Amino acid sequence: MAAGPVLLVLLAASMVLPARDPLLNICMDAKHHKSKPGPEGKLHDQCSPWKDNACCTANTSSEAHKDQSYLYNFNWNHCGVMPPKCKRHFIQDTCLYECSPNLGPWIDQVDSTWRRERILHVPLCKEDCEEWWEDCRDSVTCKENWHKGWNWATGTNRCPWGSMCRPFSKVFPRPKDLCERIWSNSYKYTTERRGSGRCIQMWFDPAQGNPNVVVAKYFAWKKRSSPDGVEEVAAKRDQAVYALPWSVLVLLPLALVLVPEVARGCGSHGWGSL
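Residues numbered from 1 in each chain as written. Predicted model: local features only at pLDDT ≥ 70, side-chain atom pairs only at ≥ 80, totals over all residues. Heavy atoms only, no water.

Identification of the protein chain as FOLR1 protein from Scytalopus superciliaris is taken from an unreviewed UniProt entry.

So, in structure tokens, the structure goes:
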């Protein structure tokens, strides 16, 4: 059999397959995220662990450390000055959200004016959640859910009328309450520990590698294994096919015709049963 049809089939097939796993090494479609992850040599301070492969830019990482940032016009000091030991957890939380390419299994579609995707039920490691709560328990806030319900009359978040500033330990009696409620269930409290490969770490030493890569792979596999997950991943792959260049789409019908001929000419070796 001539080599031309074989090469044509191989070319078309390679172009049809998505170039990347739809759940791994991706950036969500949100306000300040890059379209795809990549190296960023100068990420600022607490965002620096993601510098080798990040969904955030250097400017975004710098803004994440400011009390009054242009990112979302959100002020941590809405009930007085937030202590540094507490604030560092919120900065790290922002860095994870903006910079991590390992949140794909928990990306959820939203209908919002400022983002089309968010994270939902990210399994946070036990230590990360409990240290966050411990360092913030004496800090003060007036709201349980920081995603909504603020008074934005001045252009920045202020406590709604009639609300009272109270210690975090009163608003969030347990670490689970803080981690799950403050951002509308973006995170899920777990008893899994750092290094288990079963929970996302906000804090990690980049010299030891990014532990969240393995975690994302594990949960991507779990999601694919569930009936709902199979449908969702298939839909994302279909989107990748629809986005192919017109020249590739023109070749597809011809490739589909040639595939059976190639199989009869070369022998299947059992591939047809897969």
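### Observations concerning the overall build of the protein chain
What counts is decided by this rule: By definition, any uninterrupted DSSP run of H or I lasting at least four residues is a helix, any uninterrupted run of E lasting at least two residues is a strand, and each is numbered from the N terminus. Pairs of residues are marked as contacts when any of their non-hydrogen atoms sit within 4.5 Å. Surface accessibility in these figures is a Shrake-Rupley result with a 1.4 Å probe; residues are shielded only by whichever protein chains are displayed.
Helix and strand counts for the protein chain come out as nine helices and six strands. Once local pairs closer than 6 in sequence are excluded, the contacts in the protein chain between residues at least 24 apart make up 64%. When the accessible surface of the protein chain is split by element, carbon and sulfur atoms take 57% of a total near 14,900 Å².

### With respect to the nonpolar core
Side chains that are nonpolar tend, in soluble globular proteins, to be buried together. Note the following rule: For the purposes of this section, nonpolar cores are sets of buried Ala, Val, Leu, Ile, Met, Phe, Trp, Tyr and Cys residues that join through side-chain atoms within 4.5 Å. Think of it in three bands: with a 1.4 Å probe and only protein chains considered, a residue is buried below 20% of the maximum accessible area for its type, exposed above 50%, and partly exposed in between.
By size, the foremost hydrophobic cluster in this structure holds 49 residues, and its most contacted members are F90, W132, W146, W183 and Y187. Looking at this core, the elements with two or more residues in it are helix 3 (84-99), strand 3 (122-124), helix 4 (126-136), helix 5 (168-171), helix 6 (175-181), strand 6 (187-189) and helix 7 (212-225). Beyond its immediate sequence surroundings of up to four residues, W183 is in contact with F74, W76, F90, D93, R118, W132, W146 and H147.

### Concerning helix 4
For helix 4, the tally of buried residues reaches eight of eleven residues, placing the bulk of the element in the interior. Of all the positions in helix 4, only K126, E127, D128, C129, W132, W133, D135 and C136 are classed as buried. Among the structural elements, helix 3, strand 3, helix 5, helix 6 and strand 6 are those in contact with the buried residues of helix 4.

### What about the environment of C165?
With respect to the element layout, C165 can be found in the loop between strand 4 (140-141) and strand 5 (166-167). For C165 and S139, which are 26 residues apart along the polypeptide, the C-alpha to C-alpha distance reads 9.7 Å. Filtering out sequence-adjacent residues up to four positions away, C165 remains in contact with C79, V140, T141, C142 and C159.

### Quick notes on the state of the cysteines
Note the threshold: Note on disulfides: each one is a pair of cysteine sulfur atoms within 2.5 Å.
Summed over the entire model, instances satisfying the criterion amount to eight disulfides. The disulfide partner of C47 is C95, and the S-S distance across this bridge is 1.9 Å. When the S-S torsion is -80°, as for the bridge of C47 with C95, the disulfide is left-handed. Here C95 lies in helix 3 and C47 lies in the loop between helix 1 (3-16) and helix 2 (58-63), a separation of 48 residues in the sequence. Pair check on accessibility: C47 and C95 agree, each one buried. Between C79 and C165 runs a disulfide, and the two sulfur atoms are separated by 2.0 Å. Residues C79 and C165 are joined through a disulfide that is left-handed, its torsion about the S-S bond being -80°. Placement of C79 in the loop between helix 2 and helix 3 and of C165 in the loop between strand 4 and strand 5 is noted, with a sequence separation of 86 residues between them.

### Focus on the side chain of K126
Inspection of the secondary structure assignment puts K126 in helix 4. The exposure class assigned to K126 is buried, which follows from its relative accessible area of 18%. Beyond its immediate stretch of four places on either side in the chain, K126 contacts Y189, T190, T191, E192 and R193.

### Details of the packing of helix 3 against helix 4
Geometrically, a packed helix pair is captured by the angle between its two axes and the distance between the axes. The line we're drawing: Working convention: axes come from line fits to C-alpha atoms, limited for helices to the stretch in contact. Angles between N-to-C directions cover 0 to 180 degrees. Each crossing gets its hand from how the near helix is turned against the far one by less than a right angle, where anticlockwise is left-handed and clockwise is right-handed.
The geometry of helix 3 relative to helix 4 is characterised by a closest axis approach of 7 Å and an angle of 145° between their N-to-C directions. Of the two elements, helix 3 crosses helix 4, and the hand of that crossing is left-handed. Mapping the contact onto sequence places K85, C86, R88, H89, F90 and D93 in helix 3 and E131, W132, D135 and C136 in helix 4.

### Observations regarding the packing of aromatic side chains
For the record, the criterion: Whether two aromatic rings pair depends on their centres lying within 6.5 Å, for rings of Phe, Tyr and Trp, where Trp uses its six-membered ring; planes under 30 degrees apart make the pair stacked, over 60 edge-to-face, and the rest tilted. Definition used: whenever NZ (Lys) or CZ (Arg) falls within 6 Å of the ring centre and also within 35 degrees of the ring normal, the charge is taken to sit over that ring.
One pass over the structure, following the stated rule, counts 18 aromatic pairs. Taken together, a centroid distance of 5.0 Å and an interplanar angle of 10° make the contact between F90 and W146 stacked. You can see F90 sitting in helix 3 and its partner W146 sitting in the loop between strand 4 and strand 5, a full 56 residues away along the chain. Here W146 falls in the buried class, since its relative accessible area comes to 2%. Measuring from centroid to centroid gives 6.2 Å for W132 and Y187, while their planes differ by 80°, and the two rings are edge-to-face. A residue pair is termed long-range when its members are at least 10 positions apart, and W132 in helix 4 and Y187 in strand 6 qualify at 55 residues. When sorted by exposure, W132 lands in the same class as Y187, which is buried. Three or more aromatic residues joined by ring pairs form one cluster here, namely F74, W76, F90, W132, W146, W150, F168, F172, W183 and Y187. The side chain of K143 reaches across the aromatic face of W150, ending 5.5 Å from its centre. The ring of Y218 has R198 sitting right over it, with the charged end atom 3.6 Å from the ring centre.

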